[in-house]
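# Residue-level structural notes
Chain by chain, the residues run as shown.
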Amino acid sequence: MAPRGDSVNEEMRQRSRRRIMRATVELVDQHGYTGTTLADIAERAGLARGLLSYYFDGKRLLMQSATHRLMHLELSAALAGLTAGASPEERLARAIDAVLGVAMAHPRVMRSHLALILDPDTGSFVKDPEQRQLGAILQELLRDWGAPDPPAEHAVLRSALMGGCIGVLLPGAELPLAPIRADLFGRYGLAWELGLPPQPAPPDRTTPPARA
């Protein structure tokens, strides 16, 4: 039997890597980060436990990569659902909704991801291949939207999206999605009806907050 070529080996490595990240999201969705072990992930992915360390340097980095991949896939799918002639504003609106949608659909995954980044002892923002793919898409959207410095604006948008996700996920103090989305859309001059609005009209900011 002829040996496999480099391209075939690389495809097999990437396929295994994707299986590991998909298994991580599925298990953390079900059991949370602390309730999911590397052995659980390996079993779900159908791989030997020792192979995980070949692809990822620990559970924390695996969790971040898996979350970045989830956001990248959801963002790509959301943009693919638009018509070919969609405006830059429509595309940016759909992107914002896609990222916020990940937080709403996968709260355990996103809470774990954010907690790992914000941990003062072990936290750090990982720029892995999945994050770079996600960032490249967002920078292209911002460039089309008219940002004079897409990389710098991407850093601002990334921070705003992280803040929005924290807002809807903060245990015991969760905020409704609508006002968070309205703030993000206002920042970029996007009409409320673009993307996938959570309600027909934007929240009424003239109504005073209810007293506790």
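Higher on the page you've got the structure.
Residues numbered from 1 in each chain as written. Predicted model: local features only at pLDDT ≥ 70, side-chain atom pairs only at ≥ 80, totals over all residues. Heavy atoms only, no water.

### Notes on the overall build of the chain
Our working rule: Secondary structure elements are taken from DSSP: a helix is a run of H or I of four residues or more, a strand is a run of E of two residues or more, and numbering for both begins at the N terminus. Contact criterion: two residues are considered in contact whenever any of their non-hydrogen atoms come within 4.5 Å of each other. Surface exposure here means Shrake-Rupley accessible area, sampled with a 1.4 Å probe, where a residue is shielded only by the protein chains that are shown. Under the convention used here, Asp and Glu are negative, Lys and Arg are positive, and both His and the chain ends fall outside the count. Note on charges: their place is set at NZ of Lys, CZ of Arg, CG of Asp or CD of Glu.
If you tally the helices and strands in the chain, you get 9 helices and 0 strands. Helices (α) and strands (β) of the chain occur, in sequence order from the N terminus, as α-α-α-α-α-α-α-α-α. Its C-alpha atoms give the chain principal-axis dimensions of roughly 70 × 45 × 30 Å. Sequence-distant contacts, at least 24 apart, represent 64% of the contacts inside the chain between residues at least 6 apart. Summing over all exposed atoms, the chain offers an accessible surface of approximately 11,500 Å²; the carbon and sulfur share of this is 55%. In the chain, the 24 positive side-chain charges and the 24 negative ones have mean positions that sit 5 Å from each other.

### Observations concerning the environment of A147
Put simply, the rule reads: Buried, partly exposed and exposed residues are distinguished by accessible area as a fraction of the type maximum, computed with a 1.4 Å probe on protein chains only: under 20%, between the cut-offs, and over 50%, respectively.
Tracing the chain through its elements places A147 in the loop between α7 (129-145) and α8 (150-169). Residue A147 is classed as buried on the basis of its relative accessible area, which comes to 8%. With residues up to four places along the chain from it excluded, the contact list for A147 reads L142 and E153.

### Thoughts on α8
Note the following rule: To estimate the expected span of a helix, count its residues, drop one, and scale the result by 1.5 Å.
Its 20 residues place the ends of α8 28 Å apart at the C-alpha level, agreeing with the 28 Å of an ideal helix rising 1.5 Å per residue. On its buried face, α8 is in contact with α5 (88-105), α6 (107-118), α7 and α9 (177-187).

### Things to note about helix α2 (residues 38-45)
What counts is decided by this rule: The directions from the helix axis to the C-beta atoms are what the arc is built from.
Three or more residues of α2 are buried, namely L38, I41, A42 and A45. For α2, the angular spread of the buried residues around the axis is 100 degrees, confining them to a single face. A positive backbone phi angle near 75 degrees is found at G46, which sits one or two residues after α2.

### Some remarks on the side chain of Q64
By the element assignment, Q64 lies in helix α4 (residues 59-80). Filtering out sequence-adjacent residues up to four positions away, Q64 remains in contact with H113, L116, I117, S124, F125, V126 and D128.

### Some details on the nonpolar core
Stated precisely, the cut-off is as follows: For this analysis, a nonpolar core means a set of buried residues of the types Ala, Val, Leu, Ile, Met, Phe, Trp, Tyr and Cys, connected via side-chain atoms within 4.5 Å.
In this structure, I20 and I96 are the most contacted members of the largest nonpolar core, which totals 57 residues. Not counting chain neighbours up to four residues away, the residues in contact with I20 comprise I41, A45, L47, L52, Y55, F56 and L62.

### A word on the pattern of salt bridges
A side chain of one charge can pair with a side chain of the opposite charge if their charged atoms are brought near each other. Our working rule: Salt bridges are defined by distance alone: a side-chain nitrogen of Lys or Arg within 4 Å of a carboxyl oxygen of Asp or Glu.
One pass over the structure, following the stated rule, counts 6 salt bridges. E11 serves as the salt-bridge partner of R18, at 3.1 Å between the closest nitrogen and oxygen. Since its relative accessible area comes to 32%, R18 is described here as partly exposed. In this structure, the salt-bridge partner of E130 is R17, at a minimum N-O distance of 2.6 Å. Residue E130 is found in helix α7, and its partner R17 is found in helix α1 (residues 6-31); the two are separated by 113 residues along the sequence. Pair check on accessibility: E130 and R17 agree, each one buried. Sharing partners across several salt bridges, the network here consists of E11, R15 and R18.

### Side note on the environment of A178
In this structure, A178 sits in helix α9. Distance from A178 to P202, taken between C-alpha atoms, is 6.8 Å for residues 24 residues apart in sequence. The contact partners of A178, leaving out residues within four places of it in the chain, are W192, P198, Q199 and P203.

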